[in-house]
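One-letter residues, chain by chain:
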Amino acid sequence: MLDFNTLREAARGLGGKRLAVAYPHDHDSLQAVVAAADQEFVTPVLIGDRDTIAPILEELGTGVDSFELVEVSDAEEAADTAAGMVGAGAADALMKGLLDTSVILKAVLKSEHGLRSGRLLSHVAVFSLPSYPRLLIVSDAAMNIAPTLEQKREIIENAVEVAQALEIETPNVAMLCAKEKEDPKMQATVDAAALAKLNREGKLGGCVVSGPLALDNAVSLEAAKQKGITDPVAGHADVLIAPTIEVGNALYKALAFLAGADTAGIIVGARAPVVLTSRADSTAVKLDSIALAAVYAAHHGG
Ligand code: COD
């Protein structure tokens, strides 16, 4: 199984994949992109304003002429141009620079760019934690706001694809809820039980789905034992599926900002992965997210 060091190793040398970077007008994004190019994770194509990008690259000890650059006049044009390049096959992955999340997501969703594949797009975050012996995948922390049962099923399928790119062949998927028993007053528990049943019936394959499960029982065998929970996923979750964006987002931020996790995140479900980190994320998070996109694209032939 990969940890983040082996993720970086796996990405190194994959540099043939072209990464269209929309509006890299900030130091952190460009620093990550320069490092990703140096380590041959990807070949970046910068889409933005040359006069803004050139001095930042100089500060970083490199020249703008080292990169392919497509000039655009504003953030929206950058998002549309980058999405169009990926849709047309001129790039293999997309990255958000200094622009609003909704601007890049809307560009990705525009049918004319050809990036949509008919599947649900969802955000998949991967964490390496000092306190957990395996990688932990969380979805959806950033895109789908209040997923329906069918959308949760697709969120699971997307997360499983990322897990498999990380060499977790049959991931354990925990449907996060506030308790372990199905309760008609808590829709999340009803959906969780329905998805676990689909999985048992063989209608949702490639993984083992369990739920409803509270967070402690998903990640701690001790906690599960104390509650008398005997479940193959309990204590061994590879993937945590959040019932809403608020749960997913708070979990992401708690792991990244309070628990000292290494973090990477991409949107999957389109024809190519989208690196979608937030402004507050460090350069390391951005670099690891590029590595994840490169490994995912290589695994899925994107
Ligand atoms: N997957 C595939 N198609 C989608 C998806 C999806 N996840 N979401 C919308 N679509 C399709 C719809 O079917 C429709 O055809 C078209 O896209 C437009 O749909 P709308 O009208 O719902 O789209 P928008 O542009 O109003 O909203 C889409 C967003 C992704 C922008 C919206 O869901 C959103 O704001 N999500 C939260 C983003 C956010 O603020 N995250 C904060 C944490 S980083």
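See the structure above.
Note that the coordinates shown come from a computational prediction; the quantities given were computed from them, not determined experimentally. (Residues numbered from 1 in each chain as written. Predicted model: local features only at pLDDT ≥ 70, side-chain atom pairs only at ≥ 80, totals over all residues. Heavy atoms only, no water.)

Draft legend 1. Representation of the nonpolar core within the structure. Counting residues in hydrophobic clusters, the biggest one holds 62 residues, and the most contacted among them are Leu46, Ile137, Ile156, Val162, Leu166, Val173 and Ile290. Considering each element in turn, this core owes the most residues, eight residues, to helix H11 (residues 283–299). When sequence neighbours within four positions are dropped, the list of residues in contact with Leu166 reads Leu2, Leu7, Val126, Leu135, Ile137 and Leu292. (Core = buried A, V, L, I, M, F, W, Y, C linked by side-chain atoms within 4.5 Å. Buried < 20%, exposed > 50% of the residue type's maximum accessible area, 1.4 Å probe, protein only. Helix = DSSP H or I, 4+ residues; strand = E, 2+ residues; numbered from the N terminus. Contact = heavy atoms within 4.5 Å.)

Draft legend 2. Representation of H11 in the model. Helix length check: H11 (17 residues) gives 24 Å between terminal C-alpha atoms against 24 Å at 1.5 Å per residue, within 8%. Looking at the residues trailing H11, positive phi occurs at Gly301, about 65 degrees. (Expected span 1.5 Å × (residues − 1).)

Draft legend 3. Representation of the state of the cysteines in the model. Evaluated as defined, the whole model comprises zero disulfides. Cys207 forms no disulfide, and the closest cysteine sulfur to it belongs to Cys177, at a distance of 16 Å. Take Cys207: its relative accessible area is 8%, and that puts it in the buried class. (Disulfide = S-S within 2.5 Å.)

Draft legend 4. Up close: the pattern of salt bridges. With the rule as written, the count across this model stands at 16 salt bridges. Note that Asp288 is salt-bridged to Arg8, the shortest N-O span being 2.7 Å. Residue Asp288 is found in helix H11, and its partner Arg8 is found in helix H1 (residues 4–11); the two are separated by 280 residues along the sequence. Here Arg8 falls in the partly exposed class, since its relative accessible area comes to 22%. In this structure, the salt-bridge partner of Glu161 is Arg119, at a minimum N-O distance of 3.3 Å. (Salt bridge = Lys/Arg side-chain N within 4 Å of Asp/Glu carboxyl O.)

Draft legend 5. Structural view of the packing of helix H4 (residues 75–87) against helix H5 (residues 101–109). At a minimum axis separation of 9 Å, H4 and H5 run at an interaxial angle of 40 degrees. Pair H4 / H5 crosses with right-handed handedness. Here H4 contributes Ala75, Glu76, Ala79, Asp80 and Ala83 to the contact with H5, which in turn contributes Val103, Ile104, Ala107 and Val108. (Axes fitted to C-alpha atoms, helices over the stretch in contact; angles between N-to-C directions. Left-handed = near helix turned anticlockwise from the far one by under 90°.)

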